[in-house]
Amino acid sequence: MEQLGFAGFKSVQDLLDSNLDVVPKEPGVYAFLREDESPPGFLKISSGGHFKDKDPTVSIQTLEEKWVQGTTIVYIGKAGRLGKPPTLKTRLRQYLDFGRGKPVGHWGGRYIWQLSDSRELIVCWKVIENQDPEEVERELIKVFREEHDCLPFANLTKGTKRESL
């Protein structure tokens, strides 16, 4: 990810502790990485918030089937559109707040909050200045699919159409 121009590389816990002070207030793309190569542990109940009374929890079997061995990338997301909100900081705040149980509408990537080591995941980001972050996200997911023949673990769509709440 560093070769692709990503920066940050902070743990979820570090971001929470710092109130996301290091995250840029600009549009871009971001990724969650799990550097531990051992199989993950899964929580029976998600720490994610219940938005519109929907429980983000899925079965352990679903999580096991969706897990992608041989990669550190577990989720790829975007923040904003060319020159429009939300920023990386705003979007990551929503995402982390959702993971802490707040009723935030960041439904995408919710599988992360059933990983037993979710607070140890590494978050990196890339500011996108002259391109639509959605296009960059779509391209990153396309490359991932070409290499792994599936989406990243917590991505539930192809990056072109969002799952409805």
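Asks: Looking at this model, I keep getting lost on the overall build of the protein chain. Mind explaining?
Replies: Secondary structure assignment for the protein chain yields four helices and four strands. Compactness check: the protein chain gives a C-alpha radius of gyration of 15 Å against a globular reference of 15 Å for 165 residues, within 12% of the reference. For the C-alpha atoms alone, the extent of the protein chain along its principal axes is close to 40 × 35 × 30 Å. Expressed as a percentage of the 165 residues in the protein chain, the buried residues total 47%.

Asks: What exactly am I supposed to notice about the sheet that holds strand β1 (residues 7-11) here?
Replies: Strands pair in a sheet through their backbones, by hydrogen bonds, and they do so in one of two ways: parallel or antiparallel. The sheet built from four strands is open, its strands ordered β1-β4-β2-β3 with antiparallel pairing. The open sheet has two free edges, formed respectively by β1 and β3 (73-79), since each of these has just one partner strand. The mean angle between the axes of side-by-side strands here comes to 20°, regardless of whether they run parallel or antiparallel. Contacts from helix α3 (residues 88-99) reach β2 (28-33), β3 and β4 (122-127), with the element oriented near 35° to β2. In the packing of helix α4 (residues 133-148) onto the sheet, the strands contacted are β2 and β3, and the crossing angle to β3 comes to about 165°.

Asks: Looking at this model, I keep getting lost on the pattern of salt bridges. Mind explaining?
Replies: Pairing between side chains of opposite charge can happen when their charged atoms approach one another. The tally for this structure, following the rule as stated, stands at six salt bridges. Between R34 and D117 there is a salt bridge; the shortest N-O distance is 2.8 Å. With a gap of 83 residues between them, R34 in the loop between β2 and α2 (60-66) and D117 in the loop between α3 and β4 connect regions that are remote in the sequence. There is no split in this pair, since R34 and D117 are both buried. Of the charged contacts, one joins K102 and D97 as a salt bridge, the two residues approaching to 4.0 Å between their closest N and O atoms. The structure contains a network of salt bridges with shared partners spanning R34, D36 and D117.

Asks: Explain α4 to me, please; I cannot follow it from the model alone.
Replies: Because each turn of an α-helix spans 3.6 residues, side chains separated by three or four positions in sequence point in the same direction. With 16 residues, α4 extends 22 Å between its outermost C-alpha atoms, agreeing within 8% with the 22 Å of an ideal straight helix rising 1.5 Å per residue. Within α4, burial applies to P133, E134, V136, E137, L140, I141 and F144. Here the buried residues of α4 occupy an arc of 160° about the axis, which is enough to place them on one side. Among the structural elements, β2 and β3 are those in contact with the buried residues of α4. Capping the start of α4 is the job of one residue whose side-chain oxygen sits 3.0 Å from the backbone nitrogen of E134: D132. D149 occupies a position one or two residues after α4 and carries a positive phi of about 60°.

Asks: I keep staring at the nonpolar core and nothing clicks. Help me out?
Replies: Note that soluble globular proteins tend to have their nonpolar side chains buried in a common cluster. If you look at the biggest cluster of nonpolar residues, it comprises 30 residues, and the most contacted ones within it are F32, L96, I112 and F153. Other than its neighbours up to four places away in sequence, F32 contacts V12, T72, I73, V74, Y75, L92, Y95, L96, I112, L121, I122 and V123. With 16 residues, the next largest nonpolar core counts V29, A31, L140 and L151 among its residues.

Asks: Any chance you could explain α3 here in plain terms?
Replies: Under the 1.5 Å per step criterion, the end-to-end length of α3 is 16 Å for twelve residues, consistent within 8% with the ideal 16 Å. Where α3 is concerned, the buried positions are L88, K89, L92, Y95, L96, D97, F98 and G99. Residues of α3 that are buried sit in contact with α1 (12-17), β2, β3 and β4. In the segment just after α3, G101 is the residue with positive phi, at about 95°.

How each quantity is defined
- Residues numbered from 1 in each chain as written.
- Predicted model: local features only at pLDDT ≥ 70, side-chain atom pairs only at ≥ 80, totals over all residues.
- Heavy atoms only, no water.
- Helix = DSSP H or I, 4+ residues; strand = E, 2+ residues; numbered from the N terminus.
- Rg over C-alpha atoms; globule rule 2.2 N^0.38 Å.
- Buried < 20%, exposed > 50% of the residue type's maximum accessible area, 1.4 Å probe, protein only.
- Pairing = 2+ DSSP bridges.
- Axes fitted to C-alpha atoms, helices over the stretch in contact; angles between N-to-C directions.
- Contact = heavy atoms within 4.5 Å.
- Salt bridge = Lys/Arg side-chain N within 4 Å of Asp/Glu carboxyl O.
- Expected span 1.5 Å × (residues − 1).
- Arc of directions from axis to C-beta.
- Polar contact = N/O pair within 3.5 Å; in protein donor to acceptor, adjacent residues only side chain to side chain.
- Core = buried A, V, L, I, M, F, W, Y, C linked by side-chain atoms within 4.5 Å.

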